[in-house]
Amino acid sequence: MSIHPVEVPEDSEVFGKTVSAFANFGYSAAVRSHGHLFIAGTIGRRADGTIPDDIEEQTEIAIRRIEEILRLEGLDLSALVDVTSYHVDIHQHLPGFSAAKARLVKPPYPTWSLIGVSGLASPGLLVEIRATAAYPDQS
């Protein structure tokens, strides 16, 4: 079985000092296997480590982080095939989440499941997004 972890560079402008979280918590940002890229849950933490209060900003940061991981693998958001997002106070934050998502994610749309949760890993986090992308078919 062929599995290749994706390493986010230490000098990533998008992830900033939060890159250390991967090693600190013992997981990969993403793993490539069998034509797919499995992206770990990403959050809306700024590069300086702070968490915005606003759901739109958190959503935009999380999607930009996914976009950066895809870029490292020569892909873009159109490669997404399946996405799951986890939401604190989903009914309150859904309009802001949807607005940010609509600005950034364009057709062809991936499948997308939204799940309400009571909390995430750090206080103040409102959304976490995990995704699967597909590499282009090699003909």
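Quick note: structure is the one above.
What you see is a predicted model, and the numbers here were worked out from it, not measured in a lab.

Some words on the overall build of the protein chain
Counting its regular elements, the protein chain contains three helices and six strands. Mapped from its N terminus to its C terminus, the protein chain presents α and β elements in the order β-α-β-β-α-β-α-β-β. In summary, the protein chain has a C-alpha radius of gyration of 15 Å against a globular reference of 14 Å for 139 residues, a match within 12%. Each principal axis of the C-alpha atoms in the protein chain carries an extent, and together these give about 45 × 35 × 25 Å. Across the 139 residues in the protein chain, those meeting the buried criterion constitute 41%. Here the analysis covers contacts within the protein chain between residues at least 6 apart in sequence; of these, 75% occur between residues at least 24 apart. For the protein chain, the accessible surface area stands at approximately 7600 Å², while carbon and sulfur atoms represent 52% of it.

Considering helix 3 (residues 90–104)
The end-to-end C-alpha distance of helix 3 is 20 Å, a good match for the 21 Å that 15 residues give at a rise of 1.5 Å each. Its maximal kink placed at Gly96, helix 3 deviates by approximately 30°. For helix 3, every residue scored as buried is listed here: Ile90, His93, Gly96, Phe97, Ala100 and Leu104. Elements that come into contact with the buried residues of helix 3 comprise helix 2 (55–72), strand 4 (80–88), strand 5 (111–117) and strand 6 (127–134).

Some points on the packing of aromatic side chains
For any pair of aromatic rings, the description rests on two quantities: the centre-to-centre distance and the angle between the ring planes. Enumeration over the complete set of coordinates arrives at three aromatic pairs. Ring centres of Phe97 and Trp112 lie 6.0 Å apart, and the angle between their planes is 70°; this geometry places the pair in the edge-to-face category. Of this pair, Phe97 sits in helix 3 while Trp112 sits in strand 5, and the two are 15 residues apart along the sequence. Residue class for Phe97 comes out buried when judged on its relative accessible area of 1%. One aromatic cluster is present, formed by Phe15, Phe22 and Tyr27 through successive ring pairs.

Observations concerning the nonpolar core
Leu37, Ile39, Ile66, Ile69, Leu70, Leu80 and Ile129 are the most contacted members of the largest nonpolar core, which totals 30 residues. For this core, the elements supplying multiple residues, two or more each, are strand 3 (36–43), helix 2, strand 4, helix 3 and strand 6. The element that contributes the greatest number of residues to this core is helix 2, accounting for six residues. Not counting residues within four places of it along the chain, the set of residues in contact with Ile129 comprises Ala40, Gly41, Thr42, Ala62, Ile63, Ile66, Val83, Thr84, Ser85, Phe97 and Trp112.

Examining the sheet that holds strand 5
The six strands are arranged 1-2-3-6-4-5 in an open sheet whose pairing can be described as mixed. For this open sheet the edge positions go to strand 1 (3–6) and strand 5, each flanked by a neighbour on one side alone. Across the sheet, the axes of successive neighbouring strands diverge by a mean angle of 15°, strand direction being ignored. As paired elements, strand 4 and strand 6 share seven bridges and run antiparallel to each other. Counted as the bridge partner of Leu80 is Ala133 from strand 6. Sheet contacts for helix 3: strand 4, strand 5 and strand 6; angle to strand 5, the most-contacted strand, approximately 150°.

Conventions adopted
Residues numbered from 1 in each chain as written. Predicted model: local features only at pLDDT ≥ 70, side-chain atom pairs only at ≥ 80, totals over all residues. Heavy atoms only, no water. Helix = DSSP H or I, 4+ residues; strand = E, 2+ residues; numbered from the N terminus. Rg over C-alpha atoms; globule rule 2.2 N^0.38 Å. Buried < 20%, exposed > 50% of the residue type's maximum accessible area, 1.4 Å probe, protein only. Contact = heavy atoms within 4.5 Å. Areas by Shrake-Rupley, 256 points an atom, 1.4 Å probe, with all protein chains shown as cover. Expected span 1.5 Å × (residues − 1). Bend = angle between axes of the 7 residues up to and from the residue. Phe/Tyr/Trp six-rings, centres within 6.5 Å; stacked < 30°, edge-to-face > 60°. Core = buried A, V, L, I, M, F, W, Y, C linked by side-chain atoms within 4.5 Å. Pairing = 2+ DSSP bridges. Axes fitted to C-alpha atoms, helices over the stretch in contact; angles between N-to-C directions.

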